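Structural features, examined
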Amino acid sequence: MTPASLDLWALFLHFLTLSLLAIGGAITTAPEMHRYLVGQQHWLTDTQFTSSIALAQAAPGPNLLFVAVLGWNVAGLAGAFAAMAGIMLPSTTLVLAATRWARKNRDSLGVRAFTAGMAPLTLGLLISTGWLLAEPYLSTPDHLPTTLLLIATTLVLTLRTKISLVWMVLAGGLLGALGWV
């Protein structure tokens, strides 16, 4: 195998592993993706990583697009394919099997307990992802006040209104494009 194909294989295998840990969606594994792609392999910079996720989240389509953008930034089209195949293969197979089983057994105490137990885990993973994405802006004095204001406003609007999160993401993207955040 060539070094490039070894990198693609490593990228595929890492995302394959993360797929099985992606409780609450692939975005919950972003801290581990960051550790691997930026910290360990040095394939991306902090800015490239954060920009990849921001670009994919602002684009219409599935939430999973950020994985393809990360793979693209690592190794072009082959990298996008390796990352997407890795993240989708095991989780899709597992979800199909588990959904069929859970549907047949939805009234059992085990299925109800599992569902209730996953909520705090998913919330914790989403909070760590949010922290990872906000941290570069929180550590920059010029961005700190507006970033804190944006986080607080989003939290209040999420808890107190029924405004769709899509509109909040769009507003955050607009504020970022205008250079306010």
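1. Structural notes on the overall build of the protein chain
Counting its regular elements, the protein chain contains 7 helices and 0 strands. The C-alpha extent of the protein chain, read off along each of the three principal axes, is 50 × 50 × 25 Å. Across the 181 residues in the protein chain, those meeting the buried criterion constitute 24%. Contacts spanning at least 24 positions in sequence make up 55% of the contacts within the protein chain whose residues lie at least 6 apart. Carbon and sulfur atoms make up 72% of the accessible area of the protein chain, which totals about 11,500 Å². Side chains of the protein chain give 8 positive and 6 negative charges; the mean places of these two sets differ by 25 Å.

2. Details of the nonpolar core
Counting 25 residues, the largest nonpolar core has Phe15, Met33, Leu37, Phe49, Phe66, Val67 and Ile87 as the members making the most contacts within it. Elements supplying a minimum of two residues to this core: helix H1 (3-21), helix H2 (30-40), helix H3 (46-58) and helix H4 (65-104). Here this core gets 9 residues from one element, more than from any other, and that element is H4. Setting aside residues up to four positions removed in sequence, Phe15 forms contacts with Met33, Leu37, Val67, Ala83, Gly86 and Ile87.

3. Observations regarding the layout of surface pockets
Its volume calculated, the largest pocket comes out at about 2,000 Å³. Around the largest pocket, the lining is made up of 41 residues, and of these Gly130, Leu133, Leu150, Thr154 and Val169 lie nearest the centre. Going through the elements one at a time, H3, helix H5 (109-138), helix H6 (144-160) and helix H7 (165-177) are the ones with two or more residues in the lining of the largest pocket. The element best represented in the lining of the largest pocket is H5, accounting for 11 residues. Elements supplying a minimum of two residues to the lining of the second largest pocket: H1, H4 and H5. Per-element tally for the lining of the second largest pocket: the top contributor is H4, with 10 residues.

4. So, the pattern of salt bridges
Per the counting criterion, the structure on display carries 1 salt bridge. Note that Arg35 is salt-bridged to Glu32, the shortest N-O span being 2.6 Å. In this pair, Arg35 and Glu32 are both assigned in helix H2, 3 residues apart and thus about one turn of the helix distant.

5. Some points on a positive patch on the surface
On the surface, Arg100, Arg103, Lys104 and Arg106 cluster together into a patch of positive charge. Checked against the element boundaries, Lys104 lands in helix H4.

6. Considering a nonpolar patch on the surface
A cluster of nonpolar residues, Leu144, Leu148 and Ile151, forms a patch on the protein surface that exposes about 230 Å² of accessible area. Looking at the secondary structure, you find Ile151 in helix H6. The exposure class of Ile151 is partly exposed, given its relative accessible area of 40%.

7. Let's talk about the confidence of the model for the protein chain
Taken as a whole, the protein chain shows an average pLDDT of 88; of its residues, 98% reach a score of 70 or greater. Of all the helices and strands in the protein chain, H7 carries the lowest mean pLDDT, 83, while H2 carries the highest, 96.

8. Remarks on the packing of H6 against H7
One way to put it is that H6 packs onto H7 with a least axis distance of 11 Å and a crossing angle of 165°. As summarised for this structure, H6 and H7 are arranged roughly antiparallel, according to the angle between their axes. Considering the relative orientation of H6 and H7, their crossing is right-handed. The residues of H7 that touch H6, namely those facing Leu150, Thr154, Leu157 and Thr158, are Leu165, Met168 and Leu175.

9. Looking at unusual backbone geometry
A positive phi angle, near 60°, is found at His42, a position not held by glycine. By the secondary structure assignment, His42 is in the loop between H2 and H3.

Basis of the calculations
- Residues numbered from 1 in each chain as written.
- Predicted model: local features only at pLDDT ≥ 70, side-chain atom pairs only at ≥ 80, totals over all residues.
- Heavy atoms only, no water.
- Helix = DSSP H or I, 4+ residues; strand = E, 2+ residues; numbered from the N terminus.
- Buried < 20%, exposed > 50% of the residue type's maximum accessible area, 1.4 Å probe, protein only.
- Contact = heavy atoms within 4.5 Å.
- Areas by Shrake-Rupley, 256 points an atom, 1.4 Å probe, with all protein chains shown as cover.
- Lys, Arg positive; Asp, Glu negative; His and termini not counted.
- Charge placed at Lys NZ, Arg CZ, Asp CG, Glu CD.
- Core = buried A, V, L, I, M, F, W, Y, C linked by side-chain atoms within 4.5 Å.
- 1 Å grid on protein atoms, 1.4 Å probe; cavity = no way out; pocket = protein on both sides within 12 Å on 5 of 7 lines; lining within 4 Å.
- Points joined across faces, edges and corners; volume = space filled by probe spheres on them.
- Salt bridge = Lys/Arg side-chain N within 4 Å of Asp/Glu carboxyl O.
- Patch = residues over 30% accessible without salt bridge, like charges linked within 9 Å, V, L, I, M, F, W, Y side chains within 5 Å.
- pLDDT = per-residue confidence, 0-100.
- Axes fitted to C-alpha atoms, helices over the stretch in contact; angles between N-to-C directions.
- Parallel < 35°, antiparallel > 145°, perpendicular 65-115°, else oblique.
- Left-handed = near helix turned anticlockwise from the far one by under 90°.

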